[in-house]
There are 2 protein chains.
Amino acid sequence: MDIAAAKAALAHLELDENPTSIRAKSRDFFWYSPVLKARLDHVTADFVISPRSEAEVIEVLRVCHAHGVPVTVRGAGTGNYGQAMPLAGGCVLHMKNMVAIKAIAPGRVICEPGIVIRDLDAATRAHSGQELRMCPSTAATATIGGFIAGGSGGVGSVRWGALRDLGNIIRLRVVTMEAAPSVLEFTGEELHRVSHAYGTNGIITEVEMPLAPAYDWLGVFVTLPDFAAAAQFGADLARQDGILVKLVTVCEAPVADAYFQRFKGRVTAADHVVILMVAPHAMDGFLTFAARYPEAQVIYRSDAHDWPRDPGVAYEYGWNHTTLRALKVEPSITYLQVRYAGPDFLAKIAAVRARFGPELMQHLEVMREGGQVIYAGLTLVRFTTEDRLEEIVRIHEDLGCMIFNPHRYTLEEGGRQSVDDRQLAFKREADPQGLLNPGKMIAWDVPDWAYQGIYAYAGLRAAE
Amino acid sequence: MDIAAAKAALAHLELDENPTSIRAKSRDFFWYSPVLKARLDHVTADFVISPRSEAEVIEVLRVCHAHGVPVTVRGAGTGNYGQAMPLAGGCVLHMKNMVAIKAIAPGRVICEPGIVIRDLDAATRAHSGQELRMCPSTAATATIGGFIAGGSGGVGSVRWGALRDLGNIIRLRVVTMEAAPSVLEFTGEELHRVSHAYGTNGIITEVEMPLAPAYDWLGVFVTLPDFAAAAQFGADLARQDGILVKLVTVCEAPVADAYFQRFKGRVTAADHVVILMVAPHAMDGFLTFAARYPEAQVIYRSDAHDWPRDPGVAYEYGWNHTTLRALKVEPSITYLQVRYAGPDFLAKIAAVRARFGPELMQHLEVMREGGQVIYAGLTLVRFTTEDRLEEIVRIHEDLGCMIFNPHRYTLEEGGRQSVDDRQLAFKREADPQGLLNPGKMIAWDVPDWAYQGIYAYAGLRAAE
């Protein structure tokens, strides 16, 4: 690794050498996890380049390849798995300058990866009343490229499923890290090579994404006195094919009362809360539906309320913003990601809930998976020790729930504990020296890894 | 019933007294059913009024109420249950002049009921790239009011469910038939009073409907050599949350070869065919999906094909246009409407198919129901006798399939063989003399009817 030579060769680009700034740009929201916080807090790159074009991306990859310098790509750094952190140092490729929108058409947009999702949505809305089908709760700061490379779904997944589902990404343009980098275009089955690959096997330089109509979504909050009833309400609502919603979030009591500051005085510690985004023209249908649940109380709708302080956009109470709000109030809180699927998914949730006391607080997000309504759990956990956290994971698994562990920084451990052969095969082609985001794909480093415990990347640069 | 007095009082309106024209305007597509054809072929009104405004509707209802003249409302007469036919004679209220579009907004349109659906869609598309969520295959001639009052779902139901589902109708404005007619506005649970009530308890004068984005839907035809595989293909596709489709029709061999003239030479008598409408931006996802089924052959896509004669819009091969095409070639063909639901719906279809030979040809339409993908069957039946048709119905029911019998002219028999109490209760309020579309609601005429056989309305005017 010849950092100095690489920097010298790239000095004509937007190069950041300020240690404070480099450290900031080497971090993401890994600190949601006390496990990752303990391991990655010192991680920092040697330098940061912010390319302005695909040609500059190619140049960075060519030069870093020549000098054996690792390259870790990042968008806004809103991921929670350390996926944008340069474990072995080297170069962070910051995509903030690549924000061009190339084309907007009915149902699709073509753009560069560094554009912030809220800006992209604003542009497609202004152009033709369209927006992305789905976005993370961090849409105000996250980039579209980061979402594709490091995310899986979010606000809108109640209708459209996950990013990995066919049709939710149309095309990706990717640069490889070779002596002479290639530029490739992926569609169809090939998309899975690089989507949700943390930039371990190529750098996305252009994306084509499907769009949905952009409505003036109403934020709606509903309370129910019983958690199981709240979970049922959310699932039932999502199964109403004619009621267009974009978000169905269920928070167990006392999450809203304890952690949502602007809910103070509007909920009690006993209120389970359902957070919704409803299309304006679906409100009559929604209210008719809600009236069928006598215990459900609509306590807020964004178009007509008397709350003294506006609570802001609804989706910033859902997905990982729920976690963020909780840990800001109670720093010991972290979370787990759970998949509750199958026809008995509500029973699974009840079983998990019955097994734990206040150590866990249920937070559910409706998703579509294979045409079915399921719940993803982003369970709030009052963290004590790593051993106990592992035990909690095992208890979930014993109860038939799949865990996507957010206390791991590898693709495999954060996923289904198995290598994605398509990603691995493509990394062999596209990054033969293993310089792209090293340490994030176990199968590359230790092909026979048996998941006996947390994977510790041998190349992790030690703290100074 | 004083016909002459009513006509005299309404002579200043658009009044049709020509017997040939009156007879034509007294008919719908009831003749798809040999059972209804035998019973209703002679049915004709005494006169037809085409009101130009809600005020004229009120006047007609007031005058006809005063003179005891029945009033049967109709749109384009594309229904198949005789729902627009004046069994007791009297006045047909033809809505062809009430075609105004009052407002178009994001996600909604407000209009009069007599507008043809294709015209309405053209207007909302031109205004803001929107269209109705769902329409019948007769959209080119059917009216929106007729669809609401006499239909249940159709093209688009694969995504949005049925018309009766919450959110698929926003608001209906209705005039009652009293000495002094009332004008009422219904939303929410009240919509069910008059939607799919055949105009038996009020006349719809304005509708507010939700809109979806209008894409340049591509027609796509796929062949498979095995019927079960074709049914599986269609259901699997509909469960792909990220692939936006508007129509998934499955036709058993040899339907396409035998009845779809422009398919000649492109399919064989052994080809089962899946007819699709796919959003342009979903085509990559669709083709990726289709490639996972090695036996599925895409034989046509409307944006790139070499068929010598363009087959026209895809939806005119689906829903009841399939039946229409078949009976034009083979006049003995009629159909049944079957609901295949539950987790084993594909097994139910297989069981029905195994039970019959060429007497039945399967025709399936994907719908959403309660958040689930199900199939509606519009099974083609080679008619022999009424008794045999009844036997076929019973066999379906014995195999666990619900039949919506299209060989009946009452709401109950065409539905779930039970009265809709909301519709009956509202008829008591809105049509105390029972003058609106008489003979279509058994519960009004014979409250203790036991469904022991086909209901024969005692007031049916005899053939001359």
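Residues numbered from 1 in each chain as written. Chains lettered and ligands numbered in written order. Predicted model: local features only at pLDDT ≥ 70, side-chain atom pairs only at ≥ 80, totals over all residues. Heavy atoms only, no water.

Draft legend 1. Fine view of the overall build of chain A. Regarding its fold elements, chain A presents 16 helices and 19 strands. By the burial criterion, 61% of the 464 residues in chain A qualify as buried. Total accessible area on chain A stands at roughly 16000 Å², and carbon and sulfur atoms take up 52% of it. Seen as two clouds, the 45 positive and the 54 negative side-chain charges of chain A have centres 2 Å apart. (Helix = DSSP H or I, 4+ residues; strand = E, 2+ residues; numbered from the N terminus. Buried < 20%, exposed > 50% of the residue type's maximum accessible area, 1.4 Å probe, protein only. Areas by Shrake-Rupley, 256 points an atom, 1.4 Å probe, with all protein chains shown as cover. Lys, Arg positive; Asp, Glu negative; His and termini not counted. Charge placed at Lys NZ, Arg CZ, Asp CG, Glu CD.)

Draft legend 2. Broad picture of the interface of chain B and chain A. Listed as interface residues are 37 residues of chain B and, on the opposing side, 37 residues of chain A. For the pair chain B and chain A, the summed buried area comes to about 3100 Å², and 48% of that belongs to carbon and sulfur atoms. Connecting chain B to chain A are two salt bridges. With a shortest N-O distance of 2.6 Å, Glu189 of chain A and Arg292 of chain B are connected by a salt bridge. On the surface where chain B and chain A come into contact, there are 15 residue pairs in polar contact (both at pLDDT 80 or more). Mapped onto the side of chain B that touches chain A, the elements with two or more residues apiece are helix 7 (157-160), strand 10 (203-213), helix 10 (283-291) and strand 17 (363-369) of chain B. (Contact = heavy atoms within 4.5 Å. Buried area = accessible area lost by both parts, 1.4 Å probe. Salt bridge = Lys/Arg side-chain N within 4 Å of Asp/Glu carboxyl O. Polar contact = N/O pair within 3.5 Å; in protein donor to acceptor, adjacent residues only side chain to side chain.)

Draft legend 3. View of the UniProt feature "domain: FAD-binding PCMH-type" (unreviewed entry) in chain A. Using the residue numbers shown here, the UniProt feature "domain: FAD-binding PCMH-type" (unreviewed entry) corresponds to residues 40-214 of chain A. Taken end to end, residues 40-214 of chain A is 21% helix and 25% strand, and its two terminal C-alpha atoms sit 39 Å from one another. (UniProt positions renumbered as here; feature names shortened; annotations may be inferred.)

Draft legend 4. Highlighting the relation of the copies chain B and chain A. Mapping chain B onto chain A calls for a rotation angle of 180° and an axial translation of 0.0 Å; the resulting RMSD is 0.0 Å. The transformation relating the two chain copies, once decomposed into turn and shift, fits a two-fold axis. A symmetric contact is evident, with 100% of the interface residues of chain B recurring at the interface of chain A. (Least-squares fit on C-alpha atoms with pLDDT ≥ 70 in both.)

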